[in-house]
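Results of the structural survey
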Amino acid sequence: MIDPSEPFGAMVTHALHILPFALAFVLPVVAIGGVVLYWVRRRSLTTTMTVLVLVPLVATLTGVLGISGFMFNTTLTTMSLVCLLVLLVTVPVALLLGRAIARRSVWEREARERERAAEASRRELVAWISHDLRTPLAGIRAMAEALADGVVSSPPEVAGYASRISGETNRLSGMVDDLFELSRITAGALQLTMSQVALREVVSDVLAAQVPVAQRKRVRVLANAATAPVVLGSDPELARVVRNLVSNAIRHTPPDGTVAVAVNVDGRDAVLAVDDGCGGIPDAELSRVFDVAFRGSSARTPSRTGEEQVGGGLGLAIAKGLVEAHRGRIDARNLGPGCRFEVRLPLASV
């Protein structure tokens, strides 16, 4: 052992003499610690932090014991006790820090994934909406030029062009309204005027407006509302949810098919179910039906008749945002000849 009363030069000489023996005891412990760290590299961050704390402490204690020749005098006993106290303090701290860092790492990873998904969704939205906006604009421009140049002059043709221009304008207006509504939802600027709303009456009003559209397509609309649940919500937003789901079901149901709308109560939830005859949604697309600007591969081409207006793929995304704003849930699954969109909203009386 080094005597504190020794001259500095003697201390250095003594330390150099002890160094090889210290390394001989410490390096194996460090090597074993490195192997343990490599072995636990794929485990939790808490485990890694604990090993990082234990390795230097064990190496220090081993080196001291080895140099002292395992002769437990007062100094060695005191130092061993200090190392034990340090161990009792640092290991719990390492566990807490490891868990905190692990939670933060998971949160940051999830945040990055959400940001990447949002960015991809924004790019997809811009690409699809740009395409969908150009299509009616090009038609409006061509028909307006034809009217201005006198290419179309007979009253029936002029009336037909005016009707088509009006239809394309309505499509543009609908897409702009959807974009505005979606921006309010994603920006957290949606303000709901909450009151007790009879869900069956909302569904009845929406179906009264959608049935003529279904009849033009020869689609039957069946309604079943054995109960009259009352939910706490905003009437216009709930009507938009129902309208988006029903219009989407009618759009994807072939002629002579059936759309069934049911209102029921399940425990503490009011349940709205909309079944269509779309033939089912591919499994690869089922998890994306509520994504912004997502439309199935069969829905990319707008209808040429003008009767069936295909939106910008925002209807279901808006419906999901509005349902979640009401503290509800919405999901989709394949059922029978088509699929079912189901909305669950908390009852007002609960």
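Provided above is the structure to which this section pertains.
Residues numbered from 1 in each chain as written. Predicted model: local features only at pLDDT ≥ 70, side-chain atom pairs only at ≥ 80, totals over all residues. Heavy atoms only, no water.

1. Some points on the pattern of salt bridges
Using the following cut-off: The salt bridge definition used is simple: a Lys or Arg side-chain nitrogen within 4 Å of an Asp or Glu carboxyl oxygen. A run of H or I in DSSP counts as a helix once it spans at least four residues, and a run of E counts as a strand once it spans at least two, with each numbered from the N terminus.
Counted by the stated rule, this structure contains 9 salt bridges. Close ionic contact of aspartate 256 with arginine 218 constitutes a salt bridge, the shortest N to O distance being 3.7 Å. Residue aspartate 256 is found in the loop between helix H6 (235–252) and strand E4 (258–266), and its partner arginine 218 is found in the loop between helix H5 (199–216) and strand E2 (220–225); the two are separated by 38 residues along the sequence. The closest approach of N and O atoms between arginine 333 and glutamate 342, which form a salt bridge, is 3.9 Å. Several salt bridges share partner residues, and in doing so they unite Asp266, Asp269, Arg329, Arg333, Glu342 and Arg344 into one network.

2. Here's the deal with the nonpolar core
Nonpolar side chains tend toward joint burial in soluble globular proteins. Where we set the bar: We define the nonpolar core as a collection of buried residues of types Ala, Val, Leu, Ile, Met, Phe, Trp, Tyr and Cys that are connected through side-chain atoms lying within 4.5 Å of one another. Throughout, exposure labels follow a simple rule: accessible area from a 1.4 Å probe, protein chains only, divided by the maximum for the residue type, with under 20% read as buried, over 50% as exposed, and the rest as partly exposed. A contact between two residues is defined here by any heavy atoms of the two lying within 4.5 Å.
Core analysis: the biggest nonpolar cluster contains 45 residues, and Leu245, Val261, Leu272, Phe341 and Val343 have the highest contact counts within it. Going through the elements one at a time, helix H4 (155–186), H5, H6, E4, strand E5 (269–275), helix H8 (315–325), strand E6 (329–335) and strand E7 (338–346) are the ones with two or more residues in this core. For this core, the element with the most residues is H6, which contributes 8 residues. Filtering out sequence-adjacent residues up to four positions away, leucine 245 remains in contact with Leu272, Val274, Leu316, Ala319, Ile330, Phe341 and Val343.

3. Notes on the state of the cysteines
How we decide: Throughout, disulfides are identified as pairs of cysteine sulfur atoms within 2.5 Å of each other.
Applying the stated criterion to the full structure yields 0 disulfides. For cysteine 278, which is in no disulfide, the shortest distance to another cysteine sulfur is to cysteine 339 and amounts to 3.5 Å.

4. Some thoughts on the packing of aromatic side chains
Basically, it comes down to this: Working definition: rings of Phe, Tyr and Trp (its six-membered ring) pair if their centres are within 6.5 Å, and the pair is stacked with planes under 30 degrees apart, edge-to-face with planes over 60 apart, and tilted otherwise.
Scanning all chains against the criterion turns up 1 aromatic pair. Between phenylalanine 290 and phenylalanine 341, the aromatic rings sit 6.0 Å apart at their centres with planes inclined by 90°, giving edge-to-face as the arrangement. Placement of the pair is phenylalanine 290 in the loop between helix H7 (283–286) and H8 and phenylalanine 341 in strand E7, with a sequence separation of 51 residues. Taking relative accessible area as the criterion, phenylalanine 290 reaches 13% and is therefore assigned buried.

5. Comments concerning helix H2 (residues 45–67)
As a reminder, the rule being used: What a helix should span is 1.5 Å times the count of its residues minus one.
Taking 1.5 Å as the rise per residue, H2 with 23 residues should run 33 Å; its terminal C-alpha atoms sit 34 Å apart, in good agreement. Every buried residue belonging to H2 is among Thr46, Thr48, Met49, Thr50, Val51, Val53, Val55, Leu57, Ala59, Gly63, Leu65 and Gly66, and all of these are buried.

6. A few points about the side chain of arginine 240
Position of arginine 240 relative to the elements: it lies in helix H6. Residue arginine 240 is classed as buried on the basis of its relative accessible area of 15%.

7. Quick look at unusual backbone geometry
One non-glycine residue, aspartate 256, lies in the positive phi region at around 70°. A positive phi angle, near 60°, is found at arginine 327, a position not held by glycine. Along the chain, the position of arginine 327 falls in the loop between H8 and E6.

8. Considerations on the pairing of E7
Filter applied, for reference: One bridge is not enough; two strands pair if DSSP finds at least two bridges between them.
Of all 9 residues that make up E7, 7 are buried, and the element is covered over most of its length. As paired elements, E5 and E7 share 7 bridges and run antiparallel to each other. Paired with valine 271 across the strands is arginine 344, a residue of E7. Two elements, E6 and E7, share 7 bridges in a ladder whose sense is antiparallel. Across the sheet, the residue bridging to isoleucine 330 is valine 343, located in E7. Between the end of E6 and the start of E7, which pair antiparallel, lie 2 residues, with glycine 336 showing a positive phi angle near 60°.

9. A closer look at the sheet that holds E4
For clarity, the threshold we go by: Axis lines are fitted through C-alpha atoms, for helices just across the contact stretch, and the angle between N-to-C directions can take any value from 0 to 180 degrees.
In spatial order, the strands read E2-E4-E5-E7-E6; together these 5 strands make up an open sheet with mixed pairing. Each having just a single partner strand, E2 and E6 make up the two edges of the open sheet. With strand direction ignored, the average angle separating the axes of adjacent strands in the sheet is 15°. In the packing of H5 onto the sheet, contacts are made with E2, E4 and E5, and the angle to E2 comes to roughly 170°.

10. Points about the packing of H6 against H8
What counts is decided by this rule: Less than a right angle of anticlockwise turn of the near helix away from the far helix marks a crossing as left-handed, whereas a clockwise turn marks it as right-handed. Residue type decides the class: Asp, Glu, Lys and Arg count as charged, Ala, Val, Leu, Ile, Met, Phe, Trp, Tyr, Cys and Pro as nonpolar, and the leftover types, Gly among them, as polar.
With their axes 9 Å apart at the nearest point, H6 and H8 run at an angle of 145° to one another. H8 is crossed by H6, and the crossing has left-handed handedness. Of the residues in H8, those touching H6 at Glu237, Arg240, Val241, Asn244, Leu245 and Asn248 are Gly315, Leu316, Ile318, Ala319, Leu322 and Val323. Tallied by class, residues from the contact of H6 with H8 come to 7 nonpolar, 3 polar and 2 charged.

11. Observations regarding the environment of valine 241
Relative to the elements of secondary structure, valine 241 occurs in helix H6. Accessibility expressed as a relative area gives 3% for valine 241, which makes it buried. Excluding residues within four positions of it along the chain, valine 241 makes contact with Ala319, Leu322, Val323 and Val343.

12. Let's talk about the environment of alanine 325
Position of alanine 325 among the secondary structure elements: in helix H8. Not counting the four nearest positions on each side in its chain, alanine 325 is found in contact with Leu190 and Leu192.

13. Focus: the environment of phenylalanine 290
In sequence terms phenylalanine 290 and isoleucine 330 are 40 residues apart; their C-alpha atoms lie 9.2 Å from each other. The residues contacting phenylalanine 290, other than those within four sequence positions of it, are Leu316, Ala317, Lys320, Ile330, Asp331, Ala332 and Phe341.

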